[in-house]
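Understanding the architecture of this molecule
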Amino acid sequence: MTSRQDAHPASAKWYDRRDSVFIEFCVVDSKNVKVTFDKTKCTFSCVGGTDNVKHDNEIELFDAIDQSESKHKRTDRSVMCYLRKAQPGKSWPRLTKEKVQPRWVSLDFNNWKQWEDDSEEEMGNFDQFSDMMNNMGGDDFQPDLDGDDDDSADSDDEKMPDLETN
């Protein structure tokens, strides 16, 4: 994690997925963007903002990536990097090789998901289960909240309308 004397590191957010890691360098109106991927390193540089501030970031990555499959895309607000993991399915507990991450790196909580204990099939089943629960209604499912195994009407149910009208 180094930066050149005349440049400042850009702030970055990252998140982990089963087969990839995403890093978003948050630089508005970036120009002269240069991103390079090595097996265990990602470097980023650009000029950004109305003040044309020079940014320079170098990240020693937690684990190896497939640099030929890794890409980046520039938008008006940031530069998003897609890093293809060399070992898909292996969770990255942090972005950097060092246990202490630099101040300019943070987790992207909006995109973070706990996946390391789930297989793709289990996630598909969970999504189907969620859809089923959301679509349930009416008489399809009536939980027995009071624990009675008795199907007879509860005498309190008849008194409730009287309470509401008073």
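Scroll up to find the structure this text is about.
What comes next concerns the included structure. None of these values were measured; they are calculated from a predicted model.

1. Some remarks on the sheet that holds strand β6 (residues 71-74)
Pairing between the strands of a sheet is mediated by backbone hydrogen bonds and can be parallel or antiparallel. Pairing is mixed in the open sheet, where 5 strands are placed in the order β6-β7-β2-β1-β8. Two strands bound the open sheet, and with one partner strand each, they are β6 and β8 (105-107). Averaged over all adjacent pairs, the angle separating strand axes in this sheet is 20°, with direction ignored. Bridging between β6 and strand β7 (residues 79-84) involves 4 bridges; their strand directions are antiparallel. Residue Lys71 lies in a different strand from β7, and its bridge partner there is Tyr82.

2. Concerning the packing of aromatic side chains
The full count for this structure, using the stated rule, is 4 aromatic pairs. Look at Tyr15 and Phe22: their rings are 4.9 Å apart centre to centre, the planes differ by 15°, and that puts the pair in the stacked class. Grouping aromatic residues by their ring pairs yields a cluster made of Tyr15, Phe22 and Tyr82.

3. Side note on the nonpolar core
Counting 22 residues, the largest nonpolar core has Ile23, Phe25, Phe44, Leu61, Cys81, Leu83 and Leu95 as its most contacted members. Put simply, the parts of the chain that give this core at least two residues each are β1 (12-16), β2 (20-25), β3 (31-37), β4 (41-48) and β7. In this structure, Phe44 is in contact with Ala10, Phe25, Val27, Val33, Lys34, Val35, His55, Asp56, Asn57 and Val79, ignoring residues within four places of it in sequence.

4. Things to note about the pattern of salt bridges
One pass over the structure, following the stated rule, counts 7 salt bridges. The salt bridge involving Asp19 is made with Arg84; its shortest N-O contact spans 2.8 Å. Taken together, the residues Asp19 in the loop between β1 and β2 and Arg84 in strand β7 connect sequence positions 65 residues apart. For Arg84, a relative accessible area of 27% puts it in the partly exposed group. Between Lys41 and Glu58 there is a salt bridge, with the nearest N and O atoms lying 3.9 Å from each other. Of this pair, Lys41 sits in strand β4 while Glu58 sits in strand β5 (residues 53-60); the two residues are 17 residues apart in sequence, bridging distant segments of the chain. Accessibility expressed as a relative area gives 23% for Lys41, which makes it partly exposed. Put simply, Lys41, Glu58 and Glu60 are held in one network by salt bridges that share partners.

Thresholds applied
Residues numbered from 1 in each chain as written. Predicted model: local features only at pLDDT ≥ 70, side-chain atom pairs only at ≥ 80, totals over all residues. Heavy atoms only, no water. Pairing = 2+ DSSP bridges. Helix = DSSP H or I, 4+ residues; strand = E, 2+ residues; numbered from the N terminus. Axes fitted to C-alpha atoms, helices over the stretch in contact; angles between N-to-C directions. Phe/Tyr/Trp six-rings, centres within 6.5 Å; stacked < 30°, edge-to-face > 60°. Core = buried A, V, L, I, M, F, W, Y, C linked by side-chain atoms within 4.5 Å. Buried < 20%, exposed > 50% of the residue type's maximum accessible area, 1.4 Å probe, protein only. Contact = heavy atoms within 4.5 Å. Salt bridge = Lys/Arg side-chain N within 4 Å of Asp/Glu carboxyl O.

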